[in-house]
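The primary structure of each chain is shown beneath.
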Amino acid sequence: MAPGPFEGTLVRLRAREPEDAPLLFQWFNDPEVTEHLAMRYPLSMKSEREFIESVSSPGYAHAGFAVETLGDRRLIGGVDLLNASPENRCASLGIAIGDKASWDGGYGTDTMRTVCRFGFEMMNLHRIQLEVYANNERARHVYEKVGFVLEGRRRQALYKYGSYHDVLVMSLLEGELQLEDRP
Ligand SMILES: CC(C)(COP(=O)(O)OP(=O)(O)OC[C@H]1O[C@@H](n2cnc3c(N)ncnc32)[C@H](O)[C@@H]1OP(=O)(O)O)[C@@H](O)C(=O)NCCC(=O)NCCS
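Residues numbered from 1 in each chain as written. Predicted model: local features only at pLDDT ≥ 70, side-chain atom pairs only at ≥ 80, totals over all residues. Heavy atoms only, no water.

### As for the overall build of the protein chain
Scanning the protein chain from N- to C-terminus turns up five helices and seven strands. Along its sequence from the N terminus, the protein chain presents helices and strands in the succession β-α-α-α-β-β-β-α-β-α-β-β. In terms of C-alpha radius of gyration, the protein chain reaches 16 Å, essentially the compact-globule figure of 16 Å for 183 residues. Dimensions along the principal axes, computed over C-alpha positions, put the protein chain at roughly 45 × 40 × 35 Å. Accessible area for the protein chain stands at about 10100 Å²; split by element, carbon and sulfur atoms hold 52% of it. Counting 21 positive and 27 negative side-chain charges, the protein chain places the centres of these two groups 3 Å from one another. (Helix = DSSP H or I, 4+ residues; strand = E, 2+ residues; numbered from the N terminus. Rg over C-alpha atoms; globule rule 2.2 N^0.38 Å. Areas by Shrake-Rupley, 256 points an atom, 1.4 Å probe, with all protein chains shown as cover. Lys, Arg positive; Asp, Glu negative; His and termini not counted. Charge placed at Lys NZ, Arg CZ, Asp CG, Glu CD.)

See below:
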């Protein structure tokens, strides 16, 4: 049987739950995790709980998911398809594997493939777009590997750590998702 709409080969997507708050609070206060994210201020537990509450009923406008390992159902991150437009059939994507021990284990790639497949096959999206900081080499590699195409560079659009950084714009159209690694 084909894998369900929430399952990849390594991860499973599910709705975020109130019980996820302590781990998310820990991750999103960790400068190593937030280095390449828009977050820059300390995150309170209250804000984290409110965020989880606000996204706890995933739907078309905000399809937000917790990412857990397929085998032992361990929470390792989150991924979101945001601001979907029914006219344009386009949504924006954000991902964070917050569990640093899981980095470079293939989970981010599988999460991207799973959420994009969900976007195309379950939400009838035509286009998924994202922004990535130019110095986030790992994320750029993953996005290119699953088929995202570089569209442009917002020069010095980000100021963080005392200097300006470029922000890259990438997108994936339906039919472009690479479900397998190329040899
Ligand atoms: C970016 C992120 C989603 C990637 O997830 P991941 O589980 O670490 O990624 P994977 O293990 O699936 O793949 C990592 C790939 O990047 C490669 N990589 C690692 N560091 C790299 C670097 N400095 N330069 C180029 N490639 C790199 C790995 O070799 C691997 O490639 P391969 O599978 O072709 O061998 C995850 O690390 C993360 O959430 N980081 C913190 C938050 C973040 O940056 N989010 C994205 C914001 S746009």
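### Notes on the site of the ligand
Near the ligand there are 24 residues, and of these Ile97, Gly106, Gly108, Thr109 and His141 occur at the shortest range. Contacts to the ligand include Gly105, whose backbone N or O atom sits 3.1 Å from an oxygen atom. Cavity membership is defined here by more than half of the atoms lying within 2 Å of grid points; on that basis the ligand lies in the largest pocket. Counting only elements with at least two residues in the shell around the ligand, the list comes to β4 (90-97), α4 (107-121), β5 (127-133) and α5 (137-145). The greatest single-element share of the shell around the ligand, amounting to seven residues, is contributed by α5. (Near = heavy atom within 4 Å. Polar contact = N/O pair within 3.5 Å; in protein donor to acceptor, adjacent residues only side chain to side chain. 1 Å grid on protein atoms, 1.4 Å probe; cavity = no way out; pocket = protein on both sides within 12 Å on 5 of 7 lines; lining within 4 Å. Sits in = over half its atoms within 2 Å of the grid points.)

### A closer look at the sheet that holds strand β1 (residues 11-14)
Pairing between the strands of a sheet is mediated by backbone hydrogen bonds and can be parallel or antiparallel. Pairing within the open sheet is mixed, and its seven strands lie in the order β1-β2-β3-β4-β5-β7-β6. With partners counted over all chains shown, the strands left at the sheet margins are β1 and β6 (149-160), one partner each. Across the sheet, the mean angle separating the axes of adjacent strands is 25° when strand polarity is ignored. With seven bridges connecting them, strand β3 (residues 75-85) and β4 associate as antiparallel partners. (Pairing = 2+ DSSP bridges. Axes fitted to C-alpha atoms, helices over the stretch in contact; angles between N-to-C directions.)

### Regarding the pattern of salt bridges
Under the criterion given, the structure shown has 18 salt bridges. Between Arg14 and Asp20 there is a salt bridge, and its shortest N-O distance comes to 3.0 Å. Both residues of the pair, Arg14 and Asp20, belong to the buried class. Put simply, Asp181 and Arg113 hold a salt bridge, and the shortest N to O gap is 2.8 Å. (Salt bridge = Lys/Arg side-chain N within 4 Å of Asp/Glu carboxyl O. Buried < 20%, exposed > 50% of the residue type's maximum accessible area, 1.4 Å probe, protein only.)

### Things to note about the nonpolar core
Across soluble globular proteins, nonpolar side chains show a tendency to be buried alongside one another. Counting residues in hydrophobic clusters, the biggest one holds 34 residues, and the most contacted among them are Leu81, Leu93, Met112, Cys116, Tyr143 and Phe148. The set of elements that each furnish at least two residues to this core consists of β1, β2 (62-69), β3, β4, α4, β5, α5 and β7 (163-173). Of the residues forming this core, the biggest block, six residues, is contributed by α4. Among residues more than four places away in sequence, those in contact with Cys116 are Leu93, Ile128, Phe148, Leu172 and Leu177. The next biggest cluster of nonpolar side chains, apart from the first, holds eleven residues, and it includes Ala21, Leu24, Trp27 and Val33. (Core = buried A, V, L, I, M, F, W, Y, C linked by side-chain atoms within 4.5 Å. Contact = heavy atoms within 4.5 Å.)

### Re the environment of Ser54
In this structure, Ser54 sits in helix α3 (residues 45-54). By relative accessible area, Ser54 is classed as exposed at 56%. The spatial distance from the C-alpha of Ser54 to the C-alpha of Arg14 is 15 Å, given a sequence separation of 40 residues.

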